[in-house]
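# Structural overview
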Amino acid sequence: DAGITQSPRHKVTETGTPVTLRCHQTENHRYMYWYRQDPGHGLRLIHYSYGVKDTDKGEVSDGYSVSRSKTEDFLLTLESATSSQTSVYFCAIRGQGPYEQYFGPGTRLTVT
Amino acid sequence: EDQVTQSPEALRLQEGESSSLNCSYTVSGLRGLFWYRQDPGKGPEFLFTLYSAGEEKEKERLKATLTKKESFLHITAPKPEDSATYLCAYSPKTSYDKVIFGPGTSLSVIP
């Protein structure tokens, strides 16, 4: 799993509450990514980072923010969770090859 | 609009019955075409990168091929442990940093 951990692994929260998901890597990779995976939509990019404090938006970034203050940690925040954000969230890093990505185990988030 | 589609959506095979999964792409420029395997409850696992038409990559019972419009993942004499969802993805020339994923093909291999 390329030294990637995600926390929490499962979370249930209520609509309107803030939620932060953490991705931690141990191998000093520059690029890190957050995806969500939903039935019928596949994996969709939320945000990504190309270095400490350097981030950019993906295709489904509305309602999400990210921060990267250290190389090893990439945080995804839902400022005010909505039911449409119920999903499985995956973190990934770019590996040795120019475009290969390696994924963490995922976080299952349920917003009630 | 750049997009990638996969077919079939689901495939059931008997053990030993070879078949192919299809990934069709319409992109203005392709940096790379990727295949991933995803087991239930886990993150995708990288399998192959293909860069140009005519290229082939192999790993155990899997072989990936690439043409100008499609990629195929050939599975030879599959075993039950090959059961998984196989994802196709690409990196467009318009964006060095991003990878776009297809919806996947769910493969079940029956003993």
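Our subject is the structure that appears above.
Structural notes, computed from the coordinates.

About the cut-offs
- Residues numbered from 1 in each chain as written.
- Chains lettered and ligands numbered in written order.
- Predicted model: local features only at pLDDT ≥ 70, side-chain atom pairs only at ≥ 80, totals over all residues.
- Heavy atoms only, no water.
- Pairing = 2+ DSSP bridges.
- Helix = DSSP H or I, 4+ residues; strand = E, 2+ residues; numbered from the N terminus.
- Axes fitted to C-alpha atoms, helices over the stretch in contact; angles between N-to-C directions.
- Core = buried A, V, L, I, M, F, W, Y, C linked by side-chain atoms within 4.5 Å.
- Buried < 20%, exposed > 50% of the residue type's maximum accessible area, 1.4 Å probe, protein only.
- Contact = heavy atoms within 4.5 Å.
- 1 Å grid on protein atoms, 1.4 Å probe; cavity = no way out; pocket = protein on both sides within 12 Å on 5 of 7 lines; lining within 4 Å.
- Points joined across faces, edges and corners; volume = space filled by probe spheres on them.
- Nonpolar A, V, L, I, M, F, W, Y, C, P; charged D, E, K, R; others polar.
- Buried area = accessible area lost by both parts, 1.4 Å probe.
- Polar contact = N/O pair within 3.5 Å; in protein donor to acceptor, adjacent residues only side chain to side chain.
- Phe/Tyr/Trp six-rings, centres within 6.5 Å; stacked < 30°, edge-to-face > 60°.
- Lys NZ or Arg CZ within 6 Å of the ring centre and 35° of its normal.

The subject of this paragraph is the sheet that holds strand 3 (residues 19-25) of chain A. Adjacent strands of a sheet pair through backbone hydrogen bonds, lying either parallel or antiparallel. All names here are of chain A. Strand order in the open sheet formed by 4 strands is 1-3-8-7, with antiparallel pairing between adjacent strands. Of all strands in the sheet, those bounded by a partner on one side alone are strand 1 (4-7) and strand 7 (64-70). Shown here is a sheet whose adjacent strand axes are inclined to one another by a mean of 20°, direction ignored. Relative to strand 8 (residues 73-78), strand 3 is paired through 6 bridges, and the arrangement is antiparallel. Opposite Leu 21, over in strand 8, you have Leu 76 as the bridge partner.

A word on the nonpolar core. Formed by 24 residues in total, the largest nonpolar core has its most connected members in B:Leu33, B:Trp35, B:Leu73 and B:Tyr86. Those elements that place two or more of their residues in this core are strand 2 (10-14), strand 3 (19-26), strand 4 (30-38), strand 5 (45-50), strand 7 (62-66), strand 8 (70-75), strand 9 (84-92) and strand 11 (105-110) of chain B. Among the elements that make up this core, the one with the highest residue count is strand 9 of chain B (4 residues). Discounting residues that sit within four places of it in the chain, B:Tyr86 has contacts with B:Gln6, B:Leu21, B:Trp35, B:Tyr36, B:Arg37, B:Leu47, B:Leu62, B:Leu73, B:Gly104, B:Thr105 and B:Leu107. Grouped together as the second largest cluster of nonpolar side chains are 19 residues, A:Cys23, A:Tyr64, A:Phe74 and A:Cys91 included.

Quick look at the layout of surface pockets now. In this model, the largest pocket occupies a volume close to 660 Å³. Secondary-structure elements contributing two or more residues to the lining of the largest pocket are strand 4 (32-38), strand 9 (87-94) and strand 11 (107-111) of chain A together with strand 9 of chain B. Broken down by element, the lining of the largest pocket gets its largest block of residues, 4 residues, from strand 11 of chain A. The class makeup of the residues in the lining of the largest pocket is 9 nonpolar, 16 polar and 6 charged.

Let us look at the interface of chain B and chain A. Many authors give the size of an interface as the accessible area that is lost as the parts come together. With 20 residues of chain B at the interface, the matching set in chain A holds 20 residues. With both sides pooled, the region where chain B packs onto chain A buries about 1700 Å², and carbon together with sulfur makes up 56% of that total. Summed over the shared surface of chain B and chain A, the result is 2 residue pairs in polar contact (both at pLDDT 80 or more). At the level of elements, strand 4, strand 5 and strand 9 of chain B are the ones that each hand at least two residues to the side of chain B that touches chain A.

Attention now goes to the packing of aromatic side chains. Following the criterion strictly, the structure yields 14 aromatic pairs over all chains and no others. Between A:Phe90 and A:Phe103, the ring centres sit 6.4 Å apart and the planes meet at 85°, which makes this aromatic pair edge-to-face. One end of the pair, A:Phe90, is in strand 9; the other, A:Phe103, is in strand 10 (residues 101-103), with 13 residues separating them in the sequence. Neither A:Phe90 nor A:Phe103 differs from the other in exposure class; each is buried. Ring geometry for A:Phe103 against B:Tyr36: centres 5.8 Å apart, planes inclined by 90°, an arrangement best described as edge-to-face. One end of the pair, A:Phe103, is in strand 10; the other, B:Tyr36, is in strand 4, on a second chain. Among the residues examined, A:Phe103 registers a relative accessible area of 5% and is labelled buried. The class of B:Tyr36 is buried, set by a relative accessible area of 0%. Taken together through their ring pairs, the aromatic side chains of A:Tyr31, A:Tyr33, A:Tyr35, A:Tyr48, A:Tyr50, A:Phe90, A:Tyr102, A:Phe103, B:Tyr36, B:Phe46 and B:Phe101 make up a single cluster. If you follow A:Arg94 out to its NZ or CZ, it ends over the ring of A:Tyr31, 3.8 Å from the centre.

Distances and angles like these do not, on their own, reveal function.
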